[in-house]
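If you want the building blocks of each chain, they are given just below.
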Amino acid sequence: ETGVTQTPRHLVMGMTNKKSLKCEQHLGHNAMYWYKQSAKKPLELMFVYNFKEQTENNSVPSRFSPECPNSSHLFLHLHTLQPEDSALYLCASSSTVMLTGELFFGEGSRLTVL
Amino acid sequence: GQQVMQIPQYQHVQEGEDFTTYCNSSTTLSNIQWYKQRPGGHPVFLIQLVKSGEVKKQKRLTFQFGEAKKNSSLHITATQTTDVGTYFCAGPGTSYGKLTFGQGTILTVHP
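Let me sum up the structure you'll find in this document. Keep in mind that this is a model prediction, so the values were computed, not measured. (Residues numbered from 1 in each chain as written. Chains lettered and ligands numbered in written order. Predicted model: local features only at pLDDT ≥ 70, side-chain atom pairs only at ≥ 80, totals over all residues. Heavy atoms only, no water.)

### Comments concerning the sheet that holds strand E8 (residues 71-76) of chain B
Residue and element names in this part refer to chain B. Spatial strand order, E1-E3-E8-E7-E6: five strands in an open sheet with antiparallel pairing. Sheet topology places strand E1 (4-7) and strand E6 (55-58) at the edges, where each strand pairs with a single neighbour. Averaged over all adjacent pairs, the angle separating strand axes in this sheet is 15°, with direction ignored. Bridge count for E6 against strand E7 (residues 61-65) is four bridges, and the pairing is antiparallel. The residue bridging Lys 57 from the neighbouring strand is Thr 62, located in E7. (Pairing = 2+ DSSP bridges. Helix = DSSP H or I, 4+ residues; strand = E, 2+ residues; numbered from the N terminus. Axes fitted to C-alpha atoms, helices over the stretch in contact; angles between N-to-C directions.)

Here it is, written out as structure tokens:
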């Protein structure tokens, strides 16, 4: 039990589908993040939310659309994805977005785009 | 932009041997964090170093932060099969919440 729960754990979708990834944290944190982890690449930060407000969009294509309705929930809406978007998508949370914050990761959603 | 490099990319050791991974940043860091990701798992926070020249130990793991705060290392003494995984270092980026990860060192331990 990590305190950060992601669903679904595995997702296969076609390039024309629309799907969403969900993340929920039970740690009382104020900051939530989406990271992308591809094979042989470093973890890539996608989005940062602090108190529900987006504070960072790391030049992510518009086919990825985040949503943060409250400090405990984070979504990543996916549409018209490309095969190269296949990766492990990790949600994380921290107490604040201050630079010294430890990140707590969820177990990830493994996405395959056909 | 800021870059965080880790070497080696892969390390294969026999159980009982020591292991070291090195992390180098292109910029001075206010702190550095280390994470471990088991195969099929997710990154788990190990430690954070803040002070120049800081050394911290967790059982068989020794973490160091360089005097110039641009490099760090993780040393594991007498590796065990439970040490298998990918070890990442991460340093704060140029804006709040932006943590830059190294590409990781994948450790394999042969029994």
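### Quick word on the packing of aromatic side chains
Following the criterion strictly, the structure yields eleven aromatic pairs over all chains and no others. With 5.9 Å between their ring centres and 45° between their planes, Phe 19 of chain B and Tyr 87 of chain B make a pair best called tilted. Note that Phe 19 of chain B is positioned in strand E3 (residues 19-25) and Tyr 87 of chain B in strand E9 (residues 85-92), a separation of 68 residues in sequence. In this pair, the class of Phe 19 of chain B matches that of Tyr 87 of chain B, namely buried. An aromatic cluster is present here, built from Tyr 33, Tyr 35 and Phe 105 of chain A together with Tyr 35, Phe 45, Phe 88 and Phe 101 of chain B joined pairwise through their rings. (Phe/Tyr/Trp six-rings, centres within 6.5 Å; stacked < 30°, edge-to-face > 60°. Buried < 20%, exposed > 50% of the residue type's maximum accessible area, 1.4 Å probe, protein only.)

### As for the interface of chain A and chain B
Contacts between the two partners involve 23 residues from chain A, matched on the other side by 21 residues from chain B. Of the roughly 1,900 Å² buried at the junction of chain A and chain B (both faces included), carbon and sulfur atoms supply 58%. Across the contact surface, chain A and chain B share one salt bridge. Two residues, Glu 56 of chain A and Lys 98 of chain B, come together in a salt bridge whose shortest N-O distance is 3.3 Å. Inspection of the region where chain A meets chain B yields four residue pairs in polar contact (both at pLDDT 80 or more). When residues of the side of chain A that touches chain B are traced back to their parent elements, those giving at least two are strand E4 (31-37), strand E5 (44-50) and strand E9 (87-94) of chain A. Here the residues of the side of chain A that touches chain B are counted per class, giving 13 nonpolar, six polar and four charged. (Contact = heavy atoms within 4.5 Å. Buried area = accessible area lost by both parts, 1.4 Å probe. Salt bridge = Lys/Arg side-chain N within 4 Å of Asp/Glu carboxyl O. Polar contact = N/O pair within 3.5 Å; in protein donor to acceptor, adjacent residues only side chain to side chain. Nonpolar A, V, L, I, M, F, W, Y, C, P; charged D, E, K, R; others polar.)

### Comments concerning the pattern of salt bridges
All names here are of chain A. Counting across every chain of the model gives five salt bridges over all chains. Between Glu 107 and Arg 9 there is a salt bridge, with its nearest N and O atoms 2.7 Å apart. Linking Glu 107 in the loop between strand E10 (104-105) and strand E11 (109-113) with Arg 9 in the loop between strand E1 (4-7) and strand E2 (10-13), this pair joins segments that are 98 residues apart in sequence.

### Some remarks on the sheet that holds E1 of chain A
All names here are of chain A. Across the sheet, which stays open at both edges, the four strands sit in the order E1-E3-E8-E7 with antiparallel pairing between neighbours. Strand pairing shows two members of the sheet lacking a second neighbour, E1 and strand E7 (64-70), which therefore form its edges. The mean angle between the axes of side-by-side strands here comes to 15°, regardless of whether they run parallel or antiparallel. Pairing geometry for strand E3 (residues 18-25) and strand E8 (residues 73-79), over seven bridges, is antiparallel. Within E8, the position partnered with Glu 24 by the bridge is His 73.

### Focus: the environment of Leu 99 of chain B
Relative to the elements of secondary structure, Leu 99 of chain B occurs in strand E10 (residues 99-101). By relative accessible area, Leu 99 of chain B is classed as buried at 7%. Distance in space between the C-alpha atoms of Leu 99 of chain B and Ile 47 of chain B is 14 Å, their sequence separation being 52 residues. In contact with Leu 99 of chain B, other than residues within four places in its own chain, are Tyr 35 and Leu 103 of chain A together with Gln 33, Tyr 35, Ala 90, Gly 91, Pro 92 and Gly 93 of chain B.

### Points about the environment of Gly 102 of chain B
Residue placement: Gly 102 of chain B occurs in the loop between E10 and strand E11 (105-110). Note: C-alpha distance between Gly 102 of chain B and Tyr 87 of chain B (15 residues apart in sequence) is 9.1 Å. Filtering out sequence-adjacent residues up to four positions away, Gly 102 of chain B remains in contact with Pro 42 of chain A together with Val 4, Gln 6, Phe 88 and Cys 89 of chain B.

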